Amino acid sequence: MADLSQVLLPGWDDEWLRLERERWDQLRLYALEALAQHFQTEGRHLSEVCP
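Residues numbered from 1 in each chain as written. Predicted model: local features only at pLDDT ≥ 70, side-chain atom pairs only at ≥ 80, totals over all residues. Heavy atoms only, no water.

1. Points about the overall build of the protein chain
Then comes step 1: A tally of regular secondary structure across the protein chain gives two helices and zero strands.
Then comes step 2: For the protein chain, with 51 residues in total, the buried portion stands at 6%.
Then comes step 3: Of the roughly 4500 Å² of accessible surface on the protein chain, 58% is carried by carbon and sulfur atoms. (Helix = DSSP H or I, 4+ residues; strand = E, 2+ residues; numbered from the N terminus. Buried < 20%, exposed > 50% of the residue type's maximum accessible area, 1.4 Å probe, protein only. Areas by Shrake-Rupley, 256 points an atom, 1.4 Å probe, with all protein chains shown as cover.)

This is the structure we're talking about:
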């Protein structure tokens, strides 16, 4: 889960990286949404997941 909080190539300012960062951000969002749905389906809430 820690990987989902990472910025893609921090400190790089190349133009091509802007689109790749947007894609990475979208993938992270999808992954977090899927994880949240999974926990909700199992009846697990934030207090159980993040002690």
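2. Brief notes about a nonpolar patch on the surface
Then comes step 1: A cluster of nonpolar residues, L9, W12 and W16, forms a patch on the protein surface that exposes about 320 Å² of accessible area.
Then comes step 2: Mapped onto the elements, L9 comes out in the segment before helix 1 (15-42).
Then comes step 3: Judged by relative accessible area, which is 32%, L9 ranks as partly exposed. (Patch = residues over 30% accessible without salt bridge, like charges linked within 9 Å, V, L, I, M, F, W, Y side chains within 5 Å. Salt bridge = Lys/Arg side-chain N within 4 Å of Asp/Glu carboxyl O.)

3. Some details on the pattern of salt bridges
Then comes step 1: The tally for this structure, following the rule as stated, stands at three salt bridges.
Then comes step 2: The residue E15 makes a salt bridge to R18 at a minimum N-O spacing of 3.6 Å. With E15 and R18 both in helix 1 and three residues apart, the pair spans about one turn of that helix.
Then comes step 3: Owing to a relative accessible area of 58%, E15 belongs among the exposed residues under this scheme.
Then comes step 4: Notably, a salt bridge pairs D25 with R28, separated by 2.6 Å at the nearest N-O pair. With a gap of three residues between them, D25 and R28 both fall in helix 1, about one helical turn apart.
Then comes step 5: For R28, a relative accessible area of 15% gives the class buried.

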